[in-house]
Amino acid sequence: MASTERLRQITDAVREAGRIGVTELAGLTGASEMTIRRDLEVLAEQGVLERYRGGARSLLLRGEEPPFALREQEGVAVKRRIAAAVAGLLADGESVVLDSGTTCLEVARALEHRRLTVMPLSLHAVNALTGAPDVTLLVPGGRPRPGELALTGPLTTASLAALRFDTAVIGCCGLTAADGLTAYDLDDAAVKRAAIASARRVVAVADAAKLSRTALALVAPATALHAVVTDDAAPDEETDALAAAGVTVRKA
C-alpha cells in the first residue's frame with residue numbers, strides 16, 4: 001500500500017473509532033507497527049490526531065475536512081488531469097478567479113505559461129503563479145486560513161465584488177445535482193459564493209469522490225454551474241443528473 005493511501009486509511013480509521021491502537025492499525029493496513037508509529041507521528045504533526053502510548057486519538061470531528069498537507073498528496077495524477085482539462089477550457093487573454101484547495105492549486109500550476117489575468121484565492125496558488133512570465137497576477141485582500149492558506153473575510157469578498165471575471169474556477173468539498181456545490185467551512189463558502197457572483201462563467205472542479213458527498217455549507221445550486229470537470233471514475237448516475245440540470249460535464 002502506498003504511504004499516502006495508508007495515511008488516509010489511518011486517518012479514516014482513527015476518526016471513525018475516536019481512538020485506536022497501533023496493533024489494530026497494523027492489522028488494518030498490513031504495515032508493520034514501526035511503520036504505523038512513523039505514520040502517526042506524521043499525522044500528529046499535521047494536526048489530524050494526538051498520539052498516546054500504544055495508539056492515537058482523533059482531533060478531527062466527523063464532517064471536518066482533513067488538513068491541506070494530507071489532501072495535497074492524494075490523487076495527484078487525477079488532479080493534474082483535471083487541471084489540464086480546465087486549462088483547455090480557458091482562452092488566452094481571459095480573466096480568471098481561481099478558488100482555493102488542492103485541485104485548484106494544480107490548476108494554478110497548469111496555467112503558469114498561459115497569457116491570462118488570474119486572481120487566486122489562496123496563498124498557495126499565489127506562490128505557484130508568482131514569476132509566471134505571461135500571467136497578470138492579482139492578489140486579493142483577506143485573512144489566510146491556517147494550513148489551507150485560503151483567503152477569507154470581508155476584504156476577500158470586497159476584492160471579488162469590485163471585479164468581473166470571464167471565468168471562475170471553483171473547488172468544492174461536495175457536489176451533487178440534488179444538493180448543489182457545498183463546502184465544510186462557512187467563511188470559505190462565502191468566498192466561493194462571491195467568486196461565482198463575480199464571473200460570467202463558472203467551472204467547478206471535483207474528483208469522483210466529491211460527486212457523492214454533501215458538506216455542511218451550501219455554496220450554490222448545481223444550476224449555477226456552467227461546467228464541471230471531474231475524472232473518469234465519476235459515477236454515471238451523478239454526472240447524468242448534473243447534465244440533466246444543464247451542466248456540461250467533462251471527465252478527464
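Residues numbered from 1 in each chain as written. Predicted model: local features only at pLDDT ≥ 70, side-chain atom pairs only at ≥ 80, totals over all residues. Heavy atoms only, no water.

## What to know about the nonpolar core
One recurring pattern in soluble globular proteins: nonpolar side chains tend to sit buried together.
Thought 1: One finds L160, L175, L181 and L225 to be the most contacted residues of the largest nonpolar core, which totals 33 residues.
Thought 2: Of all the elements in the fold, those that place two or more residues in this core are β9 (165–170), β11 (180–183), α9 (186–197), β12 (199–205) and β13 (217–220).
Thought 3: With 25 residues, the next largest nonpolar core counts L111, A125, A132 and V203 among its residues. (Core = buried A, V, L, I, M, F, W, Y, C linked by side-chain atoms within 4.5 Å. Buried < 20%, exposed > 50% of the residue type's maximum accessible area, 1.4 Å probe, protein only. Helix = DSSP H or I, 4+ residues; strand = E, 2+ residues; numbered from the N terminus.)

## Comments concerning helix α1 (residues 3–17)
Thought 1: The terminal C-alpha atoms of α1 lie 21 Å apart, and with 15 residues this matches the ideal 21 Å at 1.5 Å per residue to within 8%.
Thought 2: Taken as a whole, α1 has its buried residues at T4, R6, L7, I10, T11, A13, V14 and R15.
Thought 3: Positive phi appears at G18, one or two residues downstream of α1, with a value of about 90°. (Expected span 1.5 Å × (residues − 1).)

## A few points about the state of the cysteines
Thought 1: Within this structure, the stated rule accounts for zero disulfides.
Thought 2: Cysteine C172 remains unbridged, with the sulfur of C173 as its closest cysteine sulfur at 6.9 Å. (Disulfide = S-S within 2.5 Å.)

## Brief notes about the sheet that holds strand β3 (residues 55–58)
Thought 1: Ordered in space as β1-β3-β2, the three strands form an open sheet in which the pairing is antiparallel. At either margin of the open sheet sits one strand with a lone partner, and together these are β1 (19–21) and β2 (49–52). Pairwise comparison of adjacent strand axes, ignoring direction, gives a mean angle of 25° for this sheet.
Thought 2: Judged from the three bridges that link them, β1 and β3 form a sheet pairing that is antiparallel. Bridge assignment links R19 to a residue of β3, and that residue is R57.
Thought 3: Each of β2 and β3 touches helix α3 (residues 33–45); the most contacted strand, β2, lies at about 135° to it. (Pairing = 2+ DSSP bridges. Axes fitted to C-alpha atoms, helices over the stretch in contact; angles between N-to-C directions. Contact = heavy atoms within 4.5 Å.)

## Considering the packing of helix α8 (residues 154–161) against α9
Thought 1: It is the contact of α8 with α9, at a shortest axis distance of 9 Å, that shows an interaxial angle of 10°. In this view, α8 runs roughly parallel relative to α9, as classed from their interaxial angle. Across from T156, T157 and L160 in α8, the residues of α9 making contact are A190, V191, A194 and A195.
Thought 2: Each residue belonging to the contact of α8 with α9 can be placed in one class, and the counts come to five nonpolar, two polar and no charged. (Parallel < 35°, antiparallel > 145°, perpendicular 65-115°, else oblique. Nonpolar A, V, L, I, M, F, W, Y, C, P; charged D, E, K, R; others polar.)

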